[in-house]
Amino acid sequence: MAEAPKGEGAWRMLLDMADSWQRPRFALTGRDVMQAGVPEGPDVGRVLAEVEDWWVAGDFVADESALRDRLRTAIGQA
C-alpha cells in the first residue's frame, strides 16, 4: 500500500473546514441604524457599511452588543 503524500492530512482537514464553514451573520440592519437616530437616507447605508467594515476587519468576532456599541460610536462621528 502506498504512503499518503506528506501534508495530505492537513489538506483534508482544511477542505473539511471549508465544507462546513458557515458565513457569519451581520446582526444589524438599516432599521437598527434608524432606530439609533440616523434619519432615513444615504447616511444609514454609510453608517451601516462603516460598522460592517469594522466587524469584518475584526474577523467577525464582535457580537451584537459590540456591534451596537460601534454603531453608537459611528453615529457620534457622523
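Described in the following lines is the structure provided in the data block. (Residues numbered from 1 in each chain as written. Predicted model: local features only at pLDDT ≥ 70, side-chain atom pairs only at ≥ 80, totals over all residues. Heavy atoms only, no water.)

**Here's the deal with the overall build of the protein chain**
Operational definition: Here a strand is any run of E in DSSP of at least two residues, a helix any run of H or I of at least four, and the numbering for each starts at the N terminus. For the exposure calls, accessible area comes from a 1.4 Å probe over protein chains only, and a residue counts as buried if that area is under 20% of its type's maximum, exposed if over 50%, partly exposed in between. Only heavy atoms matter for contacts: two residues are in contact if any of them lie within 4.5 Å across the pair. Methods summary: accessible areas were calculated by the Shrake-Rupley approach with a probe of 1.4 Å, and residue burial reflects only the protein chains presented.
Scanning the protein chain for helices and strands turns up 4 helices and 0 strands. Mapped in sequence order, the helices and strands of the protein chain form the string α-α-α-α. Going through the 78 residues of the protein chain one by one, you find that 19% of them count as buried. Taking all contacts inside the protein chain whose residues are at least 6 apart in sequence as the whole, residues at least 24 apart take part in 51%. On the protein chain, roughly 6200 Å² of surface is accessible, and the fraction owed to carbon and sulfur atoms is 55%.

**Focus on the pattern of salt bridges**
We count it as follows: For this document, the term salt bridge refers to a Lys or Arg side-chain nitrogen within 4 Å of an Asp or Glu carboxyl oxygen.
Counted by the stated rule, this structure contains 5 salt bridges. In this structure, the salt-bridge partner of D69 is R72, at a minimum N-O distance of 2.2 Å. Residue D69 and its partner R72 are located together in helix α4 (residues 64-77), separated by 3 residues, close to a single helical turn. Via salt bridges that share partners, D32, E64 and R68 belong to a single interconnected network.

**Some details on unusual backbone geometry**
Unusually for a residue other than glycine, D59 sits at a positive phi of about 60°. Of note, D59 is situated in the loop between α3 (42-57) and α4. If you check the backbone angles, F60 has positive phi at about 65° while not being a glycine. Checked against the element boundaries, F60 lands in the loop between α3 and α4.

**A look at the nonpolar core**
To be explicit about the condition: What we call a nonpolar core is a set of buried Ala, Val, Leu, Ile, Met, Phe, Trp, Tyr and Cys residues that are connected through their side-chain atoms within 4.5 Å.
If you look at the biggest cluster of nonpolar residues, it comprises 13 residues, and the most contacted ones within it are F26, L28, V33, V47, V51, L67 and L71. Sorting the residues of this core by element identifies α3 and α4 as the ones contributing at least two each. For this core, the element with the most residues is α3, which contributes 5 residues. Setting aside chain neighbours within four positions, we find V51 in contact with F26, L28, L67, R70, L71 and A74.

**Remarks on the packing of aromatic side chains**
We count it as follows: Working definition: rings of Phe, Tyr and Trp (its six-membered ring) pair if their centres are within 6.5 Å, and the pair is stacked with planes under 30 degrees apart, edge-to-face with planes over 60 apart, and tilted otherwise.
The final tally for this structure, using the stated rule, is 2 aromatic pairs. The interplanar angle of 50° and the centroid separation of 5.1 Å between the aromatic rings of F26 and W55 together place this pair among those described as tilted. With F26 in the loop between α1 (8-20) and α2 (30-35) and W55 in helix α3, this pair connects stretches of sequence that are 29 residues apart. You can call W55 buried: its relative accessible area is 5%. Here the aromatic rings of W55 and F60 are separated by 4.9 Å at their centres, their planes lie at 85°, and the arrangement is edge-to-face. Accessibility expressed as a relative area gives 36% for F60, which makes it partly exposed. Grouping aromatic residues by their ring pairs yields a cluster made of F26, W55 and F60.

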